[in-house]
Amino acid sequence: MSQKPYIIVLGNEKGGTGKSTVSMHVIVSLLRRGFTVGSIDVDARQGTLTRYTENRKATAQKMSSPIPLAEHIPLLPSQHTSREEAAAEDQKNLEEALAKLAHNQFILIDTPGSDSPLSRAAHAMADTLVTPLNDSFIDLDMLVRLKSETMDILKPSIYAEMVWEQKKQRAIRDRGSIEWIVLRNRLSSINARNKEQMEEIMKLLSKRIGFRYLPGFGERVIFRELFLSGITVLDLEDCKMPMSLSHVSAKQELRSLIEGMGLPNVDAAAAA
Ligand SMILES: Nc1ncnc2c1ncn2[C@@H]1O[C@H](COP(=O)(O)OP(=O)(O)O)[C@@H](O)[C@H]1O
Ligand SMILES: [Mg+2]
C-alpha cells in the first residue's frame, strides 16, 4: 500500500438512498480485512455516520473482545457570510481533517444529499466515488434526464455534470483520476420485466455518463436494524449474535460490493 490513504467518497444529490448505510458497511468491511480506516462525516448536520460511530464505540466498550473501530471526524459547513470565504474555510477544514487521518490506509467520506461547497470539495478528493441509487426509475433522474415515453437520454443531470467538473479539477490538481461507481441499493423483487429494463438502462448509462455499475444491496432489515448498536452483519459473530440465512446473503452482497469496487490491496484472498 502506498503511504497516501486511498479516499472513498459516498455522494449523490438526494437523501435517503443509502450513502450512510453503504459508508458504515464499507468502513467495517475494510476494518475487518485488517486495514486502518479514517472516516469523515461531511453531513455532520444530519450526522448519521457520526452517530453510528458513537454507537459502535459504546458497544466496543461493553465487549470483552474488541471490535475494530475507525478514526472519525465530523465536519460542519463554514458559517462565513461571504461565499468565497466560506468555501475557502470548508476547503481548509477538509484538508486539515484529511491530514489528521493521513496515517490510515483508507479514508471514507460520507456527504449530504445536496450540493454545497464542502460536498464539492469532498468529491474532488475522491479516488473512488460511490453513488447509491434506490432501486427505482425515479432515481435515474439523479444521473440523467430521460424522455419518459421512450427512455431516451435528454441530457446528463446536474449531479453528473458536477462529477465531471470534479474529475477535471482532480486531474488538474494532481493528475489523479476519480473512479465513479454507481450502485443500486435496496434491490427489491420488482417484476422481471422492470428488472431487465433497469439493468439495460444502467449498462447504457454507464457508458454514456462514465461510471461503473455494481448491483449493491438488497432491501434487508439487517442493513438498518444494527444501527443503534453501531455494528454490521460482519460483527455478529464477535457479538455472539445468531446468523440467519438472510444475514448470510447480506454478507455475500457486502463481500461482492467490496471486491467489485476494485480497491487497492482488497481482493478475494484477503476476505474475512
Ligand atoms: N439495503 C437496505 N435495506 C434496508 N434499509 C436500508 C437499506 N439501505 C438503506 N436503508 C435505510 O434507508 C434509510 C436511508 O438510508 P441512509 O443510508 O441514511 O441514506 P442517505 O445517507 O443517502 O441519506 C435508513 O433508514 C437506512 O437504514
Ligand atoms: Mg446520510
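Just above sits the structure.
All of these numbers come straight from a predicted model, not from anything done at the bench.

K.L.:
Mind showing me how you'd approach the pattern of salt bridges here?
P.N.:
A side chain of one charge can pair with a side chain of the opposite charge when the charged atoms of the two come close. Under the criterion given, the structure shown has 19 salt bridges. With its nearest N and O atoms 3.0 Å apart, the salt bridge here joins D238 to R32. Taken together, the residues span a long stretch of sequence, with D238 in the loop between α7 (222-225) and α8 (245-260) and R32 in helix α1 (residues 19-32) at a distance of 206 residues. Judged by its relative accessible area of 22%, R32 falls in the partly exposed class. Here R170 and D127 are joined by a salt bridge, their closest N and O atoms 3.0 Å apart. Here R170, found in helix α5 (residues 158-174), pairs with D127, found in the loop between α4 (117-124) and β5 (128-134); they are 43 residues apart in sequence, far enough to count as distant. A single burial state applies to R170 and to D127, both of which are buried. Taken together, the shared-partner salt bridges connect R32, R56, D235 and D238 into one network.

K.L.:
Even after reading the chapter, I still don't get the layout of surface pockets, so can you show me in this structure?
P.N.:
In this structure, the largest pocket spans a volume of roughly 450 Å³. Lining the largest pocket are 24 residues, and of these G16, T17, G18, K19 and T21 lie nearest its centre. For the lining of the largest pocket, the secondary-structure elements that each account for two or more residues are α1 and α7. Sorting elements by how many residues they give to the lining of the largest pocket places α1 first, with four residues. Classifying every residue of the lining of the largest pocket gives five nonpolar, twelve polar and seven charged.

K.L.:
Whenever I open this one, the environment of G210 confuses me. Can you help?
P.N.:
Looking at the element boundaries, G210 is found in helix α6 (residues 192-210). Among the residues examined, G210 registers a relative accessible area of 35% and is labelled partly exposed. Once the C-alpha coordinates of G210 and V163 are considered, the two residues, 47 residues apart in sequence, prove to be 10.0 Å apart. Non-local contacts of G210, meaning those with residues more than four positions away in its chain, are made with K167, W180 and L205.

K.L.:
Hey, could you run me through unusual backbone geometry in this one?
P.N.:
Most peptide bonds take the trans configuration, and most residues that are not glycine carry a negative phi. Look at R175: it is not a glycine, yet its phi comes out positive at around 60°. Along the chain, R175 falls in the loop between α5 and β8 (179-185). The exposed category is assigned to R175, whose relative accessible area is 80%. Its identity as a non-glycine residue notwithstanding, R186 has a phi of 60°, on the positive side.

K.L.:
Can you help me understand the packing of aromatic side chains in this one?
P.N.:
A ring pair, where both rings are aromatic, is described by two values, the distance of the centres and the angle of the planes. All told, the structure shown has six aromatic pairs when counted by the stated rule. Consider the rings of F35 and F106, whose centres lie 5.0 Å apart with planes at 85°: the pair is edge-to-face. Highlighted residues: F35 in the loop between α1 and β2 (37-41) and F106 in strand β4 (residues 106-110), separated in sequence by 71 residues. The class for F35 is buried, based on a relative accessible area of 10%. Classification of F106 as buried rests on a relative accessible area of 0%. With a centroid separation of 6.2 Å and an interplanar angle of 35°, the aromatic rings of Y52 and F227 are classed as tilted.

K.L.:
Sorry if this is basic, but what is going on with the site of ligand 1 here?
P.N.:
If you check the shell around ligand 1, you find 15 residues, and the closest are G16, K19, S20, T21 and G218. For ligand 1, an oxygen atom lies 2.9 Å from a polar atom in the backbone of S20. Contact with the protein chains covers 82% of the free accessible surface of ligand 1, which is 560 Å². When each cavity is represented as a set of grid points, ligand 1 is found to reside in the largest pocket. Those elements that provide at least two residues to the shell around ligand 1 are α1 and α7. Counting residues per element, the shell around ligand 1 draws most heavily on α1, at three residues.

K.L.:
Help me understand the side chain of S119 in this model?
P.N.:
Considering the arrangement of structural elements, one finds S119 in helix α4. Apart from residues lying up to four places away in sequence, S119 is in contact with V42, T111, P112 and S114.

K.L.:
How should I be thinking about the sheet that holds strand β9 (residues 212-214) in this particular structure?
P.N.:
Adjacent strands of a sheet pair through backbone hydrogen bonds, lying either parallel or antiparallel. Ordered in space as β3-β2-β4-β1-β5-β8-β9, the seven strands form an open sheet in which the pairing is parallel. Edge positions in the open sheet fall to β3 (71-74) and β9, since each of these has one partner strand only. Averaged over all pairs of adjacent strands, the angle between their axes in this sheet comes to 20°, without regard to strand direction. With seven bridges connecting them, β5 and β8 associate as parallel partners. When the bridges of β8 are listed, L129 appears paired with W180. Across the sheet, helix α2 (residues 48-62) touches β2, β3 and β4, and the angle it forms with β2 is around 135°.

So, how was this worked out
- Residues numbered from 1 in each chain as written.
- Chains lettered and ligands numbered in written order.
- Predicted model: local features only at pLDDT ≥ 70, side-chain atom pairs only at ≥ 80, totals over all residues.
- Heavy atoms only, no water.
- Salt bridge = Lys/Arg side-chain N within 4 Å of Asp/Glu carboxyl O.
- Helix = DSSP H or I, 4+ residues; strand = E, 2+ residues; numbered from the N terminus.
- Buried < 20%, exposed > 50% of the residue type's maximum accessible area, 1.4 Å probe, protein only.
- 1 Å grid on protein atoms, 1.4 Å probe; cavity = no way out; pocket = protein on both sides within 12 Å on 5 of 7 lines; lining within 4 Å.
- Points joined across faces, edges and corners; volume = space filled by probe spheres on them.
- Nonpolar A, V, L, I, M, F, W, Y, C, P; charged D, E, K, R; others polar.
- Contact = heavy atoms within 4.5 Å.
- Phe/Tyr/Trp six-rings, centres within 6.5 Å; stacked < 30°, edge-to-face > 60°.
- Near = heavy atom within 4 Å.
- Polar contact = N/O pair within 3.5 Å; in protein donor to acceptor, adjacent residues only side chain to side chain.
- Areas by Shrake-Rupley, 256 points an atom, 1.4 Å probe, with all protein chains shown as cover.
- Sits in = over half its atoms within 2 Å of the grid points.
- Pairing = 2+ DSSP bridges.
- Axes fitted to C-alpha atoms, helices over the stretch in contact; angles between N-to-C directions.

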